[in-house]
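Report on the structure
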Amino acid sequence: MTPPAPAITVKGLTMAYGSYVLQRDLDFTINRGDIFVIMGGSGCGKSTLLRHMIGLKQPAQGTVCYGKADFWALNEDERATIIRRAGVLYQSGALWSSMTLAENVALPLQHYTELSPEVIADLVAFKLSLVGLAGFEAFYPSELSGGMRKRAALARAIALDPDFLFFDEPSAGLDPISARNLDQLILELRESLGATVVIVTHELASIYAIATNSVFLDSEAKTMLATGNPKLLLRECADPTVLNFLTRGTGQREVRTV
Amino acid sequence: MQQEPHLSPDTGAQPPVFTLMRPGPGDLTVALTGSWTLHGHPPDPTNLLAALDQTVRRLYFTSDGLTHWDTRLLIFLTAILDTAGQRQIVVDRAGLPPGVRRLLTLSEAVPEQVTYSPTGRELLATRVGRAVLALVEQGREVATFTGEILLAILALLAGKKPFKAQDFWYFIQNCGIGSLPIVSLIAALVGVILSFVGAVQLQMFGAQIYVANLVGLGMVLEMGALMSGVIIAGRIGASYAAQLGTMQVNEEIDALRTMGISPVGFLVLPRILALMLMLPLLCVYADIMGILGGSVIGVTMLDLSLVEFLEQARKSIQLSQFGQGILKASVFGVLIGFAGCLRGMQCGRSALAVGEATTSAVVTSIVLIVVSDSFITYLLYR
Ligand SMILES: Nc1ncnc2c1ncn2[C@@H]1O[C@H](COP(=O)(O)OP(=O)(O)O)[C@@H](O)[C@H]1O
Ligand SMILES: [Mg+2]
């Protein structure tokens, strides 16, 4: 086994909207091939943290590094090259509503590669079949169910075979079975594509099932309370807030098998 | 071995190549070498597909020389696997990298059932038929919408409160006070134009004082209402369509319906009422601004005094004519609100649809304004 290579490092990050500070002094490392979970209660700034990582919001202090490159010290073009290697699944799916699924998935391919329309059509068909939506090329997002929309958004996120995959509450609003299937799909894609995955979620089942590493944000303390493999955190973490979250308030330190 | 398929291949990457080998009778082995990524140029699979003839019973792969791969390789393989499947060739995937095998399996998992197929090209007759049906449906929607508005008005008259007062005041403020700057500018300039056009003609007869009549009557009878109507159609009608359209996209309107709140009463009625009340006021304001604008020309070009000009303008206008302009403005207000809200409520579930609703709201409003203006004028002067 090669020693883990840091893929993303968050250094002394302070996040703020104007003068309202959400979180300060965030420090953690995401290794290549990790499934990294950002945990925490609603409104503690998980989505905001994700926005800092994908270049949508500038840190108030501190920075995010990709490999050795200080993301926020780079110029715009260099940042764009990094972000191109990332696929993002937004909380609401964020499919482009006036384009068909095929057009949604094809857009990044058309934009970033020189492939011919036939090859792009093949790629799109394959991506859609990966998420179980073969044959839905000509559908518009509004003609799909919520779970299908999430999966279509996933197909778009993996359109360019990204090195980094970011998911904001991928299973929110899905039934438990669909949520589990989506988790499974994400795992499978990570295994096969070898990508580094960052997931925002508060689904404990997902966290224990798939996470290899995590960070816990707290809105009271306005900073992170723990980082590490959630199963280890469950056994070893002393912080009552984290423990309370991980045990769903029961305080029992054992992994509920799912 | 963990594949690193996504680091963009360095310039020294080997080109993607496949070679065919026939280790035994009926066996075909495809050896994949080089870097198969979206950035390379994979070879044409035609001769490989042609090689899959009746003589081949089993298909193998080797990938020892494969340096990078991504979905580009996968679509190449799917094409081969499809053909092999059709020709009943047994495929052994053991020679492919594990990640590739897993993704292929994933892509072959039972897909979601396609519930219906979106319509493709249709015959001319079918399209004409659909267009007519759409027109009928359109008419029905307009009728329903009108009915719902009337019901909401009845509810209001019966003492119920179908909408929030706060919303109503916001709309009043937005279309009233918020529109004053642009209405001032446009109305004053229209006054200047009217006055200028009249001045050139009337000066020839030495009747320049009648420029005041022209400006006064022109503004009060027509231009005040018309100009404020057109401005409000662009400024407010469009925004109503966009607001309701976005709410439609977000299913906010459905949410109101399911809670038993009439979206027409809650969203549409306050908007239409606000326009109905504010447009007449804006019209009066535009009349005044127009006459003042005209007087500037009167004073500077025609050597009239300001008092003289205004007095002449006042004398030329009868109260009924003034009322006529206000009546028109009120009708325009209702029509603009109606068109804006109707288009917003009819909006489809996409960003494009919101844009179309907005455009269509403005166009519909302006058409309705001009048509109703001619109609009212005809009725009053018959
Ligand atoms: N654009 C914004 N401007 C100001 N405050 C915001 C903005 N977006 C989010 N917030 C605030 O930041 C906090 C965290 O939001 P978010 O990161 O979305 O939380 P979550 O952890 O639930 O994803 C919330 O309290 C929210 O009110
Ligand atoms: Mg969030």
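Rules behind the numbers
- Residues numbered from 1 in each chain as written.
- Chains lettered and ligands numbered in written order.
- Predicted model: local features only at pLDDT ≥ 70, side-chain atom pairs only at ≥ 80, totals over all residues.
- Helix = DSSP H or I, 4+ residues; strand = E, 2+ residues; numbered from the N terminus.
- Rg over C-alpha atoms; globule rule 2.2 N^0.38 Å.
- Buried ≥ 20, exposed ≤ 12 C-beta atoms within 10 Å, placed from the backbone.
- Contact = placed C-beta atoms within 7 Å.
- Nonpolar A, V, L, I, M, F, W, Y, C, P; charged D, E, K, R; others polar.
- Domains from an automatic or database assignment.
- Axes fitted to C-alpha atoms, helices over the stretch in contact; angles between N-to-C directions.
- Left-handed = near helix turned anticlockwise from the far one by under 90°.
- Pairing = 2+ DSSP bridges.
- Parallel < 35°, antiparallel > 145°, perpendicular 65-115°, else oblique.
- Near = placed C-beta within 6 Å.
- Expected span 1.5 Å × (residues − 1).

**Focus on the overall build of chain A**
Scanning chain A from terminus to terminus reveals nine helices and ten strands. In summary, chain A has a C-alpha radius of gyration of 18 Å against a globular reference of 18 Å for 258 residues, a match within 12%. Dimensions of chain A along its principal axes, counting C-alpha atoms only, are 55 × 45 × 45 Å. Every one of the 258 residues in chain A was classed for burial, and the buried ones make up 44%. Taking the contacts inside chain A whose residues are at least 6 apart along the sequence as the reference set, 63% of them involve residues at least 24 apart.

**A look at the interface of chain B and chain A**
Opposite the 26 residues of chain B that make contact, chain A presents 29 residues. Counting residues per element, the ones that place at least two in the side of chain B that touches chain A are helix H2 (71-86), helix H3 (98-108) and helix H12 (351-381) of chain B. No other element matches the five residues that H3(B) contributes to the side of chain B that touches chain A. For the side of chain B that touches chain A, the residue count by class is 13 nonpolar, eight polar and five charged.

**Thoughts on the domain arrangement of chain B**
One can read the domain layout of chain B as domain 1 (17-108) and domain 2 (135-381). In this structure, domain 1 of chain B and domain 2 of chain B have C-alpha centres spaced 68 Å apart.

**Observations concerning the packing of helix H9 (residues 263-301) of chain B against helix H11 (residues 319-345) of chain B**
Residues and elements named next belong to chain B. Two elements in contact, H9 and H11, have axes separated by 7 Å at closest approach and are oriented at 145°. Relative to H11, H9 is oriented so that their crossing is right-handed. Across the interface between the two elements, Val-268, Arg-271, Ile-272, Leu-275, Met-276, Met-278, Leu-279, Pro-280, Cys-283, Val-284 and Asp-287 from H9 touch Gly-325, Ile-326, Ala-329, Ser-330, Phe-332, Gly-333, Val-334, Ile-336, Gly-337, Phe-338 and Cys-341 from H11. Partitioning the contact of H9 with H11 into residue classes produces 16 nonpolar, four polar and two charged.

**Details of the pairing of strand S1 (residues 17-21) of chain B**
Residues and elements named next belong to chain B. Alignment of S1 against strand S2 (residues 27-36), held across five bridges, turns out to be antiparallel. When the bridges of S2 are listed, Thr-19 appears paired with Ala-31. Hairpin connection, S1 to S2: the antiparallel pair is bridged by five residues, and Gly-26 has positive phi, about 80°.

**Remarks on unusual backbone geometry**
Phi at Asp25(A) is positive, roughly 55°, even though this residue is not glycine. By secondary structure assignment, the location of Asp25(A) is in strand S2 (residues 20-31). Taking the C-beta count within 10 Å as the criterion, Asp25(A) has 13 such neighbours and is therefore assigned partly exposed. Look at Gln88(B): it is not a glycine, yet its phi comes out positive at around 55°. Among the secondary structure elements, Gln88(B) is positioned in the loop between H2 and strand S4 (90-91).

**Thoughts on the packing of helix H4 (residues 117-130) of chain A against H2(B)**
Contact geometry of H4(A) with H2(B) gives a least axis separation of 10 Å together with a crossing angle of 90°. Classed by the angle they form, the pair H4(A) and H2(B) counts as roughly perpendicular. Every residue of H2(B) that contacts H4(A) at Asp122(A), Leu123(A) and Phe126(A) is listed here: Thr71(B), Leu74(B), Ile75(B) and Thr78(B).

**Things to note about the site of ligand 1**
All names here are of chain A. Taken together, the neighbourhood of ligand 1 is formed by Tyr-17, Leu-22, Gly-40, Ser-42, Gly-43, Cys-44, Gly-45, Lys-46, Ser-47 and Thr-48. Top element by residues in the shell around ligand 1 is helix H1 (residues 46-53). It accounts for three residues. Counted by class, the shell around ligand 1 contains three nonpolar, six polar and one charged residues.

**Describing H9(B)**
Residues and elements named next belong to chain B. Relative to the 57 Å expected for 39 residues at 1.5 Å per residue, H9 spans 54 Å between its end C-alpha atoms, a close match to the ideal helical length. Across the 39 residues that make up H9, a large majority, 28, are buried. Following H9 by one or two positions, Asp-303 has its phi on the positive side, about 55°.

**Side note on the environment of Phe71(A)**
With respect to the helices, strands and loops of the structure, Phe71(A) is situated in the loop between strand S5 (69-70) and helix H2 (76-83). A C-alpha to C-alpha distance of 9.5 Å links Phe71(A) and Ile54(A), two positions 17 residues apart in sequence.

**A closer look at the pairing of strand S4 (residues 61-66) of chain A**
All names here are of chain A. Direction of pairing for strand S1 (residues 6-17) relative to S4: antiparallel, over a ladder of five bridges. Note that in S4 the partner of Thr-14 across the bridge is Gln-61. A loop of two residues connects S4 with S5, the two strands running antiparallel in sequence, and Gly-67 in this loop sits at a positive phi of about 60°.

**Observations concerning the sheet that holds strand S7 (residues 164-168) of chain A**
All names here are of chain A. Judged by pairing direction, the sheet is mixed, and its six strands sit side by side in the order S6-S7-S8-S3-S9-S10 without closing on themselves. Strand pairing shows two members of the sheet lacking a second neighbour, strand S6 (86-89) and strand S10 (223-227), which therefore form its edges. Between one strand axis and the next, the sheet turns by 15° as a mean value, whatever way the strands run. Pairing between S7 and strand S8 (residues 196-200): five bridges, direction parallel. The residue of S8 that forms the bridge with Phe-164 is Thr-196. On top of the sheet, helix H5 (residues 146-157) reaches S6 and S7; it is set at about 170° to S6, its chief contact.

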